[in-house]
Amino acid sequence: MTATAQSEPQAGAISALMPLLRGLVWGGLGFALGAAFVGVLRTIDGRDFWSLELSMTFGYAIGIVGWLFGAGVWERWGREWLGLSTREGPTGWHRYFAFTTDHKIIGIQYLVTFMLLFLVAGLFAVLIRMQLLTPEASMLSEDSYNRVMSLHGIIMIAVAVAVVIGGFGNYFVPLLIGAEDVAFPRINALSFWMVPPVAIMLLAAQAVGGWDSGWTAYPPLSTQAASPGHIFFTLAIITFGISSILGGLNFLATIIYMRAPGMTWGRLPIFVWSMFATAILALLFTQFFAAAMLMVTLDRIADTSFFVAEAGGEPILYQHIFWFYSHPAVYIFVLPGLGVTLEILAHFSRKPLFAYKWAVGGLLGIVGLSALVWAHHMFVSGMDSRLIAPFLVTTEIISVPTGLVFLSALGTIWMGRLWLRTPMLFALAVVFNFMIGGITGIFLADAPTDVSLSDTYFVVAHFHYTIIGGEIFALFAAVYYWFPKITGKMYSERLGQLHFWLMFLSFNATFIPMFWAGLNGMNRRIASYTPDLQEINIVISVMGFIMAVSFLPFVYNMVRSVIWGEKAEADPWRARTLEWRVPSPPPLENFPAPPRVTGNPYDYGVPNAPAHGVLAVAGASEEDEA
């Protein structure tokens, strides 16, 4: 091989990474500018030039603008503001590292980014379980354990918020409704490119001491702790919140205004309905989380006292604001997963989706009630006792629309011709896991039992059954279901089923014992425990290690299939929805012309049922298509 031939791949790699490198350089310059501005003002005021948290805050605010402009906002968008022509983006595989407006590329960027973060957070979970093999804090100090636990928690929360919404929502909502792209393609790209600084800030916080307040970051620990890692955390969360709000706005506009002719609300695929419900929650509630983080930031850098009673603040104000977002956020995690599950159950049961309208009503009912249940997280917080009964009741009531979705799933598989391929197995696991999460949630919704179970491993188990059992299993169902469409390749079914059984069995063997541990006094968020709980913790840890190993066949299967997998058919599942009517992977603009939707997406076995959608021919008149 000649030197020229050897240098070509290197030059290609450097060229692909140029948007990232340019973003880092511009972001660094922006940070220096913001920090210098603060330093000059402090110097004029007779103070030291550098104040870590204050300088970091203003530097970051300017730096993230520099990052976005350098990564592609200027070349693809900003030049128009000065009357200049924008520049074309890269082609080929370089697109995946660039600021692009193609919703499918953005979906893959989201999916790969958050799958990597998911695996990283999983490694932190392994560290946690290694620590808990023995009652004493033998591997990590208590401070280090708290930092690892906090980082694991917030990364997993970020993954749960964005991986299905940003990944599969971006990729498939336009395809499922017959649209060319999302309503605001540039804002869509902007919302993704705000994510890398979030990951960088969360990981960089560890270099300055991290934060030890858990992912909830309750004051006074988050406001008074000396470690500057707390300011990294709050800035990252505010950024992530802005990204989530922009995404919610975009999905709502897309679903409302960009549906293909004939795509009535009654013909929307259930995954689109779940994304619609989720987008409402993201748009309406995320700003409360950002507001809580902003208050913590101001308490740290501006000497405000939002949460200090002696200074006129309210100690539990943070919890009210935080949970006013964070309980609806549970449904931001779960609703897309339930949508994916119902989508797959219908196609792989070869039956119409049972009680479609009631399932939609359940999704929207969850949205309507989600703002009325937040204080059940605060039964032991010291809030006014008169609030306990109303929030107990509203929490029980929200189980009704959730039950409608659950019953839709059961009714769909009842007497169906089940095709037990890997996507279907993961979808069925969601039904099983979410049932356990829902049943155990009743104990935490009722104040008398919640008081005893609060801050125990019973809560840990319930939460993981809801989020991992409900959403992450649905994530893998979606990966296996739509992998042929995204890549144009087929994965190994044998490896897929190996991944499923290892993950499903080890997941349940890990978290079911946690209910027992919590009932017997195992507190969460601690680095040590009483010796009588060691045996159950060894069982939990060993099963957790097996669950970690279960992801190895998944990673190998995905990488191997992308490179060497067999070519997939356009519609390997013989499904009815629109994304399977186009080649795999789909072309740039999805459809040669807007399709016409003529039937329901789940009319399997319905006599004389019309096709869900008919693809139009580009340039043809309505008479020609008829």
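Residues numbered from 1 in each chain as written. Predicted model: local features only at pLDDT ≥ 70, side-chain atom pairs only at ≥ 80, totals over all residues. Heavy atoms only, no water.

K.L.:
Tell me what's going on with the nonpolar core, and back it up with residues and numbers.
P.N.:
Ranked by size, the top nonpolar core spans 198 residues in total, and within it Phe-114, Phe-168, Ile-270 and Trp-482 carry the most contacts. If you tally residues by element for this core, the top one is helix H4 (residues 142–177), at 23 residues. Built from parts of two domains, this core gets at least three residues from each of domain 1 (18–92) and domain 2 (100–564). Ignoring sequence-local partners within four residues, the contact set of Phe-114 consists of Ala-158, Val-159, Ala-162, Val-163, Val-195 and Phe-240. (Core = buried A, V, L, I, M, F, W, Y, C linked by side-chain atoms within 4.5 Å. Buried < 20%, exposed > 50% of the residue type's maximum accessible area, 1.4 Å probe, protein only. Helix = DSSP H or I, 4+ residues; strand = E, 2+ residues; numbered from the N terminus. Domains from an automatic or database assignment. Contact = heavy atoms within 4.5 Å.)

K.L.:
With reference to specific residues and values, describe the packing of H4 against helix H9 (residues 270–301).
P.N.:
Orientation of H4 relative to H9, taken along the N-to-C sense of each, is 125 degrees, at an axis distance of 10 Å. Overall, the two elements H4 and H9 adopt an arrangement that is oblique. Crossing geometry of H4 relative to H9 is assigned as left-handed. Contacts between H4 and H9 involve Val-164, Ile-165, Phe-168, Gly-169, Val-173, Leu-176 and Ile-177 on the former and, on the latter, Phe-271, Val-272, Met-275 and Thr-278. (Axes fitted to C-alpha atoms, helices over the stretch in contact; angles between N-to-C directions. Parallel < 35°, antiparallel > 145°, perpendicular 65-115°, else oblique. Left-handed = near helix turned anticlockwise from the far one by under 90°.)

K.L.:
Summarise the domain arrangement of the chain; cite the residues concerned and give the values.
P.N.:
Each domain of the chain was delimited in the assignment, giving domain 1 (18–92) and domain 2 (100–564). Of all residues in domain 1, the largest losses of buried area upon contact with domain 2 belong to Glu-53, Tyr-60 and Trp-77, amounting jointly to 37% of the total for that side. Inspection of the region where domain 1 meets domain 2 yields 2 salt bridges. Salt-bridge contacts for Glu-53 lead to Arg-300; the nearest nitrogen and oxygen are separated by 2.6 Å. On inspection of domain 1 and its partner domain 2, the count reaches 5 residue pairs in polar contact (both at pLDDT 80 or more). For the side of domain 1 that touches domain 2, the element with the most residues is helix H2 (residues 52–76), which contributes 12 residues. Looking at the side of domain 1 that touches domain 2 residue by residue, the class counts come to 11 nonpolar, 2 polar and 3 charged. (Buried area = accessible area lost by both parts, 1.4 Å probe. Salt bridge = Lys/Arg side-chain N within 4 Å of Asp/Glu carboxyl O. Polar contact = N/O pair within 3.5 Å; in protein donor to acceptor, adjacent residues only side chain to side chain. Nonpolar A, V, L, I, M, F, W, Y, C, P; charged D, E, K, R; others polar.)

K.L.:
Tell me what's going on with unusual backbone geometry, and back it up with residues and numbers.
P.N.:
The residue after Pro-219, namely Pro-220, is reached through a cis peptide bond having omega 5 degrees. Tracing the sequence through the fold places Pro-220 in the loop between helix H6 (195–204) and helix H7 (221–224). Cis peptide bonds are those with omega within 30 degrees of zero, and the linkage from Ser-584 to Pro-585 qualifies with -10 degrees. You can see Pro-585 is positioned in the loop between helix H19 (551–564) and strand E1 (596–597). You will see that Asp-303, though not glycine, has its phi angle at about 60 degrees, which is positive. Topologically, Asp-303 is positioned in the loop between H9 and helix H10 (317–349). One non-glycine residue with positive phi stands out, namely Arg-525, at about 60 degrees. Counting through the fold element by element, Arg-525 comes out in the loop between helix H17 (493–519) and helix H18 (534–549).

K.L.:
An account of the environment of Gly-107 is needed here, citing residue identities and associated values.
P.N.:
Take Gly-107: it is sitting in helix H3 (residues 103–131). According to the relative accessible area criterion, Gly-107 is buried, its value standing at 2%. Taking the C-alpha atoms as reference, Gly-107 lies 17 Å from Pro-583; in sequence the two are 476 residues apart.

K.L.:
Hey, could you go over the side chain of Thr-341 for me, with residue numbers and the actual values?
P.N.:
Examined against the element boundaries, Thr-341 turns out to sit in helix H10. Under the relative-accessibility criterion, Thr-341 is labelled buried at 2%. Residues in contact with Thr-341, not counting those within four places in the same chain, are Ala-427, Val-430, Val-431 and Ala-474.

K.L.:
Go over the packing of aromatic side chains, please, and point to the residues and values.
P.N.:
All chains considered together, the criterion is met by 61 aromatic pairs. For the ring pair Phe-307 and Tyr-318, a centre distance of 5.7 Å and an interplane angle of 90 degrees mean the geometry is edge-to-face. Taken together, the residues Phe-307 in the loop between H9 and H10 and Tyr-318 in helix H10 connect sequence positions 11 residues apart. You can call Phe-307 buried: its relative accessible area is 8%. Cation over ring: Arg-259 sits above Trp-265, and NZ or CZ is 4.1 Å from the ring centre. (Phe/Tyr/Trp six-rings, centres within 6.5 Å; stacked < 30°, edge-to-face > 60°. Lys NZ or Arg CZ within 6 Å of the ring centre and 35° of its normal.)

K.L.:
Tell me about H10, and name the residues and values.
P.N.:
Under the 1.5 Å per step criterion, the end-to-end length of H10 is 48 Å for 33 residues, consistent within 8% with the ideal 48 Å. At Trp-323, H10 shows its largest kink, close to 30 degrees. By the criterion of burial, H10 is predominantly enclosed, with 30 of the 33 residues buried. Once H10 finishes, Arg-350 follows within two positions and takes phi at roughly 55 degrees, a positive value. (Expected span 1.5 Å × (residues − 1). Bend = angle between axes of the 7 residues up to and from the residue.)

K.L.:
Which residues make up the pattern of salt bridges, and what values go with them?
P.N.:
As enumerated under the stated definition, the model contains 11 salt bridges in all. One salt bridge in this structure joins Arg-524 and Asp-455, with 3.0 Å as the shortest N-O distance. Of this pair, Arg-524 sits in the loop between H17 and H18 while Asp-455 sits in the loop between helix H15 (447–453) and helix H16 (457–487); the two residues are 69 residues apart in sequence, bridging distant segments of the chain. The exposure class of Arg-524 is partly exposed, given its relative accessible area of 24%. Each of Glu-75, Arg-76 and Arg-87 takes part in one network of salt bridges that share partners.

K.L.:
How would you explain a nonpolar patch on the surface if you had to name every residue and give the values?
P.N.:
Residues Ile-14, Leu-17, Met-18, Leu-21, Leu-24, Trp-93, Tyr-96, Phe-97 and Ile-200 make up a contiguous nonpolar surface patch of about 820 Å² in total accessible area. The element best represented in the nonpolar patch is helix H1 (residues 3–44), accounting for 5 residues. You can see Leu-24 is positioned in helix H1. (Patch = residues over 30% accessible without salt bridge, like charges linked within 9 Å, V, L, I, M, F, W, Y side chains within 5 Å. Areas by Shrake-Rupley, 256 points an atom, 1.4 Å probe, with all protein chains shown as cover.)

K.L.:
I'd love a proper account of H18, names of residues and values included.
P.N.:
Its 16 residues give H18 an end-to-end C-alpha distance of 23 Å, which sits within 8% of 22 Å, the value for a rise of 1.5 Å per residue. Inspection of H18 places Ile-536, Asn-537, Ile-540, Ser-541, Gly-544 and Met-547 among the buried residues, and these make up the whole buried set. Projected onto a plane normal to the axis of H18, the buried residues spread over an arc of 135 degrees and lie on a single side. Considering only its buried residues, H18 is in contact with H3, H17 and H19. (Arc of directions from axis to C-beta.)

K.L.:
Report on the environment of Ile-242, specifying residues and quantitative values.
P.N.:
Following the sequence through the fold, Ile-242 ends up in helix H8 (residues 229–257). Taking the relative accessible area as the measure of exposure, Ile-242 reaches 39% and is therefore partly exposed. Along the backbone, Ile-242 and Gln-287 are 45 residues apart, and their C-alpha atoms lie at a distance of 7.7 Å.

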